[in-house]
Amino acid sequence: MNILLLGYGKMGKLIGELGEQRGHQIAAKISIDNTQDLDSLDPKSIDVAIDFSQPESAISNIKWGLERGIPVISGTTGWLDRWDEIVTSVEENDGTFFYASNFSIGVNVLFKVNQYLAKLMNEVSDYSVTVEEIHHTAKLDAPSGTAITIAEGIIENMGNLDSWILKGDTPALENQLPIISKRIDPAPGTHIISYQSKVDDLVLSHTAHSREGFVKGAILVAEWITDKKGVLSMNDFLSF
Ligand SMILES: NC(=O)c1ccc[n+]([C@@H]2O[C@H](COP(=O)([O-])OP(=O)(O)OC[C@H]3O[C@@H](n4cnc5c(N)ncnc54)[C@H](O)[C@@H]3O)[C@@H](O)[C@H]2O)c1
Ligand SMILES: O=C(O)C1=N[C@H](C(=O)O)CCC1
């Protein structure tokens, strides 16, 4: 498969490396310094574009691919306030778009367990819930995209919560789920869901030991997506 890398930082480089090890070719490696190289590419020669760039560049990268009939996979976080624009672009171009806040298979199992646990905890009282995420200091967005997905899974299953709040100076209201963001090097990604009562704590967590899990997930999705259409997610890719 011929893969276009939109964003050639920590993730893009590892996808290039592991992708080539799996027998794929890298059509081009686009970073903030060479975006003009996109103009010289023949879109017909590209099977899939993988975007791991930055919140401000994700929208133009994704649209660039969709407008040229290239299936686009994005793992960039921090741009979802413009989600509807991408859905419109997918519809207008009869395109293929896949987004995941986290491509790790382990985290996607955690997402499911998190939803189920929230459903159970909704039936018992006396517990307060928090989400904590820990990432490296180069991360531009907070909270992490993964923490937002976790928070949404809790809120949709717990009747007393209707929004999340990044824990800072403003204390969380009763209807708000606090998310704590910590930046510590070299953390590739830790997420902790804690339910606390006076008598006990119930904790669910996932710790990435490296970026390899995210990268493998993104490559597997790239191999799967080429004959698909529409807006797709890990729920479509995984069979659970
Ligand atoms: N979904 C997941 O599983 C997952 C996993 C890890 C990281 N991420 C997200 O992926 C993104 C990238 O992470 P990273 O650690 O590789 O970051 P990074 O800072 O190492 O790399 C970002 C790259 O984007 C490039 N870039 C900036 N503007 C660009 C533009 N206009 N066009 C193309 N490239 C451009 C930069 O030059 C840089 O090479 C972040 O948003 C991060 O949160 C998601
Ligand atoms: O390193 C990052 O940046 C990560 N970003 C994703 C997020 O925001 O959830 C996934 C984990 C790593």
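Residues numbered from 1 in each chain as written. Chains lettered and ligands numbered in written order. Predicted model: local features only at pLDDT ≥ 70, side-chain atom pairs only at ≥ 80, totals over all residues.

## Things to note about the domain arrangement of the protein chain
Next up, step 1: For the protein chain, the assigned domains are domain 1 (2–103 + 212–237) and domain 2 (105–207).
Next up, step 2: Computed from C-alpha atoms alone, the centre-to-centre distance between domain 1 and domain 2 is 27 Å.
Next up, step 3: Grouping the amino acids of the side of domain 1 that touches domain 2 by side-chain chemistry returns two nonpolar, seven polar and no charged. (Domains from an automatic or database assignment. Nonpolar A, V, L, I, M, F, W, Y, C, P; charged D, E, K, R; others polar.)

## Considering the site of ligand 1
Next up, step 1: Within the structure, ligand 1 sits among 25 residues, and Gly 9, Met 11, Ser 31, Ser 57 and Gly 75 are positioned closest to it.
Next up, step 2: Element by element, the count of residues in the shell around ligand 1 is highest for helix α1 (residues 10–21), at three residues.
Next up, step 3: Of the residues contributing to the shell around ligand 1, the split by class is nine nonpolar, 15 polar and one charged. (Near = placed C-beta within 6 Å. Helix = DSSP H or I, 4+ residues; strand = E, 2+ residues; numbered from the N terminus.)

## A look at the packing of helix α4 (residues 105–121) against helix α5 (residues 145–155)
Next up, step 1: In the contact formed by α4 and α5, the axes pass within 8 Å of each other and the chain directions differ by 25°. Considered as vectors, α4 and α5 are oriented roughly parallel to each other. Between α4 and α5 lies a crossing whose hand is right-handed. Between α4 and α5, the contacting residues are Val 107, Phe 111, Asn 114, Gln 115 and Ala 118 on the first element and Thr 146, Thr 149, Ile 150, Gly 153 and Ile 154 on the second.
Next up, step 2: Its residues assigned to classes, the contact of α4 with α5 comprises five nonpolar, five polar and no charged. (Axes fitted to C-alpha atoms, helices over the stretch in contact; angles between N-to-C directions. Parallel < 35°, antiparallel > 145°, perpendicular 65-115°, else oblique. Left-handed = near helix turned anticlockwise from the far one by under 90°. Contact = placed C-beta atoms within 7 Å.)

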